[in-house]
Amino acid sequence: MTMPPLHDDARSTALPLLMESGWQPVPGRDAIRKIWRFKGFSEAWGFMSRAALAAERLNHHPEWFNAFNIVDVTLTTHDCGGLSDLDVKLANRMDKLAGSAVVEHDHASRTACLCETRPGQG
């Protein structure tokens, strides 16, 4: 079954709230992205493990990248070619799972992981 794209009413309600929490639109795509910086690798991995279980329950899987304490997530629904209700649900769940992780708001430049900012910690 193909997931329908997020309709205009849902976009105008859900997306502003997600943007307030640090999700940002992805240029050139109907997708959203968020980057978290955790205290260390174990905390980042724990978040990814919990998020993977939530994604599996929704049968909706993120595009993501992890480098030590950084988790960079992009959400879109490939079946409908853009954002769907599944992206909103998974984004909200990930926000809760991330706890006190720091949100990186500058998506233009590469985010340094903790091992690059503390010599000898990699």
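In this report, we go over the structure that sits alongside the text. Bear in mind the structure is a predicted one, so any value in this text is a computation, not a measurement. (Residues numbered from 1 in each chain as written. Predicted model: local features only at pLDDT ≥ 70, side-chain atom pairs only at ≥ 80, totals over all residues. Heavy atoms only, no water.)

What about the overall build of the chain?
Here comes step 1: On a plain count of helices and strands, the chain comes out with four helices and five strands.
Here comes step 2: Helices and strands appear in the chain in the N-to-C order α-β-β-α-β-β-α-β-α.
Here comes step 3: Across the chain, the fraction of contacts at a sequence separation of at least 24, relative to all contacts at a separation of at least 6, is 68%.
Here comes step 4: Accessible surface, the chain: about 7,000 Å² in total, of which carbon and sulfur atoms supply 55%. (Helix = DSSP H or I, 4+ residues; strand = E, 2+ residues; numbered from the N terminus. Contact = heavy atoms within 4.5 Å. Areas by Shrake-Rupley, 256 points an atom, 1.4 Å probe, with all protein chains shown as cover.)

Describing the pattern of salt bridges
Here comes step 1: Across all of its chains, the model carries six salt bridges by this definition.
Here comes step 2: Measuring nitrogen to oxygen at the nearest pair gives 3.2 Å for the salt bridge that ties Lys-89 to Asp-85. A residue pair is termed a helical-turn pair when its members lie 3 or 4 positions apart in one helix, as Lys-89 and Asp-85 do in helix H3 (residues 85-98) at four residues.
Here comes step 3: Look at Asp-85 and you get partly exposed, because its relative accessible area is 36%. (Salt bridge = Lys/Arg side-chain N within 4 Å of Asp/Glu carboxyl O. Buried < 20%, exposed > 50% of the residue type's maximum accessible area, 1.4 Å probe, protein only.)

Topic: the pairing of strand S3 (residues 63-67)
Here comes step 1: Judged from the five bridges that link them, S3 and strand S4 (residues 70-75) form a sheet pairing that is antiparallel. Looking across to S4, one finds that Phe-65 is bridged to Asp-72.
Here comes step 2: Joining the antiparallel neighbours S3 and S4 is a turn of two residues, in which Phe-68 adopts a positive phi near 55°. (Pairing = 2+ DSSP bridges.)

Examining the pairing of S4
Here comes step 1: Taken across its six residues, S4 has six buried, putting it largely inside the fold.
Here comes step 2: Judged from the six bridges that link them, strand S2 (residues 32-37) and S4 form a sheet pairing that is antiparallel. Within S4, the residue paired with Ile-35 across the bridge is Asp-72.

Interpretation in functional terms is not warranted from these geometric data alone.
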